[in-house]
Structure formats: structure tokens, C-alpha cells
Amino acid sequence: LLEKVADLSLIVDRHGRIKELAVANEELVYVVDHTWVGREWTDTDTDEGKARLRELLRLAAAQPGAPQRCDVAHPLADGLELPISYRALCTGADGRVLALGEDMRAMVNLRQQLINAQQALEQDYWRLRQVETRYRRLFDMVHDAIIVIDEASGRVLEANPAANQLLAPAGQSIIGKPFPQGFDEAGTTAVNALLTEIRTTGKGSISDVTAGVRSEG
């Protein structure tokens, strides 16, 4: 019956010793140490796990029929751990406790994969931040005017200080404004023709154009 109830089932007597053990999960058959039978349940775990199992038994004895729960990681012979989530309840006047264990290895592995993925994303994020910082420094240091335009809206997405100094009124910026911006009438016409050519052919060229007169303030 116990083999049908949980991955790992134990009956523990009132003294904390394992009296019966049943394994339903085939993967656990070769992992669980069947010499547990006859040993104190707390001896199957590390010091931290011992304290949790001891408290689980205390709570189960104090509240007969009320399920109690705790998670532990049993150390294995190969140095790995077997994470088990136990539900335990005291089943009768003799103080016996039925402990039903769920194999949590799949969940732990999934959680570790999520942690690894998050760490990889964080590393990629910081690498991108470093690349962006270097790009921004170079972008700002270039003496030629550089402008990045949103093709859909025609507005300026980015402009380096040289572009702002050349095309924006003193102390202002052309970022977010429609482009062309800051040219005289002939220059505006020439730049519009250039943008049309670029949208059509993917490339274009233009002769010299003249920036408009910058106003103060």
C-alpha cells in the first residue's frame, strides 16, 4: 500500500527509528539506502536535516492526524544529495509516524536551470551595458555630426554633441524632433531628397548643405 502512496514511504516508531521503508519511484530504488530500516530517521541526514526531521516528528506527535511537512536533502554515497519533501502524520496511540516523501530532484534541477539561465542573462546584460558604454563614449567623442533617425516617425533618436552644436539652437537638442532640423531652406530640401533616396535604394549621397542660423536661448 505504501508503495502506491508516495515516491518514498517510511513508518517511524515513537523513538524515531525507521521500522518500514517502501520505494515506489523506480529511480529511487538504486538511490535510497535500504539499511535505513532500524536506524534513527534523523541519522539519514546532515546536521541541518536532522534538526528539521526532529522537529517534524515532534509536531506530528503533538498533533496526531494532522499532516506536517518539511524538506530535507539526504546525503548520498556519491557525494550528491537526494532532496525529499516529506509529509508526516502520527497514525495511532503507539506514536508511530507515517512519512510520505516526494522526490524533488526534477524540481531542484529545474530551479537550478532557471538560476543558471538568470545568471547567464545577467552576464549578457552587463556585457551589453559595457558595449553600450563604450559605444556612447565613442559616439560622444567623434567630432563629426552623427544622427540616428527613426525611419517610421522621421524623428531623431540619437544625436552626438557635434550634431546638437551644429543643428540645434544654443543649449538645446534635436533629439526627439522631426528631421531635417537646423538646415536652411535649400539644405532641408536636399536632405529630404536624400532621405527619400535612402528609403528607396538603401543608400544615397548628398553634396554640401548649409545649416540654418542658430538662435540664442
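Keep in mind that what you see is a predicted model, and the values were worked out from it rather than measured. (Residues numbered from 1 in each chain as written. Predicted model: local features only at pLDDT ≥ 70, side-chain atom pairs only at ≥ 80, totals over all residues. Heavy atoms only, no water.)

S.K.: Provide a residue-level description of the overall build of the chain, including the pertinent values.
M.R.: Within the chain, the secondary structure is distributed over 5 helices and 7 strands. Each helix (α) and strand (β) of the chain, taken in turn from the N terminus, gives the series β-β-α-α-β-β-β-α-β-β-α-α. Compactness check: the chain gives a C-alpha radius of gyration of 36 Å against a globular reference of 17 Å for 217 residues, more than 25% above the reference. Each principal axis of the C-alpha atoms in the chain carries an extent, and together these give about 100 × 40 × 30 Å. Buried residues in the chain amount to 29% of all 217 residues. Taking all contacts inside the chain whose residues are at least 6 apart in sequence as the whole, residues at least 24 apart take part in 34%. (Helix = DSSP H or I, 4+ residues; strand = E, 2+ residues; numbered from the N terminus. Rg over C-alpha atoms; globule rule 2.2 N^0.38 Å. Buried < 20%, exposed > 50% of the residue type's maximum accessible area, 1.4 Å probe, protein only. Contact = heavy atoms within 4.5 Å.)

S.K.: Account for the packing of aromatic side chains, with residues named and values stated.
M.R.: Summed over all chains, the structure comprises 4 aromatic pairs. With centroids separated by 5.2 Å and ring planes inclined at 70°, the aromatic side chains of Tyr-125 and Trp-126 adopt a geometry described as edge-to-face. (Phe/Tyr/Trp six-rings, centres within 6.5 Å; stacked < 30°, edge-to-face > 60°.)

S.K.: Can you break down the nonpolar core residue by residue, with the values?
M.R.: By size, the foremost hydrophobic cluster in this structure holds 23 residues, and its most contacted members are Leu-8, Leu-10, Val-32, Trp-36, Trp-41 and Tyr-86. Going through the elements one at a time, strand 1 (8–12), strand 2 (18–23), helix 2 (47–62), strand 3 (68–75), strand 4 (81–90) and strand 5 (97–103) are the ones with two or more residues in this core. Element by element, the count of residues in this core is highest for strand 4, at 5 residues. (Core = buried A, V, L, I, M, F, W, Y, C linked by side-chain atoms within 4.5 Å.)

S.K.: So, helix 5 (residues 185–201): which residues are in play, and what are the values?
M.R.: For helix 5, built from 17 residues, the straight-helix expectation of 24 Å at 1.5 Å per residue is met to within 8% by its first-to-last C-alpha distance of 24 Å. Along helix 5, the residues classified as buried are Gly-187, Val-191, Leu-194 and Leu-195. Down the axis of helix 5, the smallest arc covering the buried residues is 100°, so these residues share one side. Turned more than 90 degrees away from the buried face of helix 5, the exposed residues are Glu-185, Ala-186, Thr-189, Thr-200 and Thr-201. For helix 5, the elements touching its buried residues are strand 6 (147–149). Two residues or fewer after helix 5 comes Gly-202, characterised by a positive phi angle close to 90°. (Expected span 1.5 Å × (residues − 1). Arc of directions from axis to C-beta.)

S.K.: Which residues make up the pattern of salt bridges, and what values go with them?
M.R.: Counted according to the given criterion, the structure contains 6 salt bridges. Between Arg-105 and Asp-103 there is a salt bridge, with its nearest N and O atoms 2.8 Å apart. Judged by relative accessible area, which is 22%, Arg-105 ranks as partly exposed. Residue classification places Asp-103 among the buried residues on the basis of a relative accessible area of 13%. (Salt bridge = Lys/Arg side-chain N within 4 Å of Asp/Glu carboxyl O.)

S.K.: Residues and numbers for the environment of Leu-167, please.
M.R.: Relative to the assigned elements, Leu-167 resides in helix 4 (residues 161–167). Taking the relative accessible area as the measure of exposure, Leu-167 reaches 6% and is therefore buried. With residues up to four places along the chain from it excluded, the contact list for Leu-167 reads Ile-147, Ile-174, Phe-179, Gln-181, Gly-182, Phe-183 and Ala-211.

S.K.: If you had to explain the environment of Thr-210 to someone new, which residues and values would you point to?
M.R.: With respect to the element layout, Thr-210 can be found in the segment after helix 5. Residues Thr-210 and Ala-186 lie 24 residues apart in sequence; the distance between their C-alpha atoms is 7.7 Å. Ignoring sequence-local partners within four residues, the contact set of Thr-210 consists of Phe-183, Asp-184 and Gly-187.

S.K.: How would you sum up the confidence of the model for the chain? Please name residues and give values.
M.R.: Note that predicted coordinates carrying low pLDDT should not be read in detail. Mean pLDDT for the chain: 84, with 94% of residues reaching 70 or above. Per-element mean pLDDT across the chain ranges from 78 in helix 1 (residues 26–29) up to 91 in strand 5. (pLDDT = per-residue confidence, 0-100.)

S.K.: Provide a residue-level description of the side chain of Gln-68, including the pertinent values.
M.R.: Along the chain, the position of Gln-68 falls in strand 3. There is a polar contact of 3.3 Å between the side chain of Gln-68 and the backbone oxygen of Ala-66. Among residues more than four places away in sequence, those in contact with Gln-68 are Leu-56, Leu-59, Ala-60, Gln-63, Tyr-86, Arg-87 and Ala-88. (Polar contact = N/O pair within 3.5 Å; in protein donor to acceptor, adjacent residues only side chain to side chain.)

S.K.: So what's going on with the sheet that holds strand 3? Residues and values would help.
M.R.: With respect to topology, 5 strands assemble into an open sheet ordered 2-1-5-4-3, the strand pairing being antiparallel. In this open sheet, the two edge strands, each paired with only one partner strand, are strand 2 and strand 3. Sheet twist, expressed as the mean angle between neighbouring strand axes with direction ignored, is 25°. Here strand 1 pairs with strand 2 via 5 bridges, running antiparallel. Directly across from Leu-8, in strand 2, lies its bridge partner Val-23. The sheet contacts of helix 2 involve strand 1, strand 3, strand 4 and strand 5, and relative to strand 3 the element is tilted by about 155°. (Pairing = 2+ DSSP bridges. Axes fitted to C-alpha atoms, helices over the stretch in contact; angles between N-to-C directions.)

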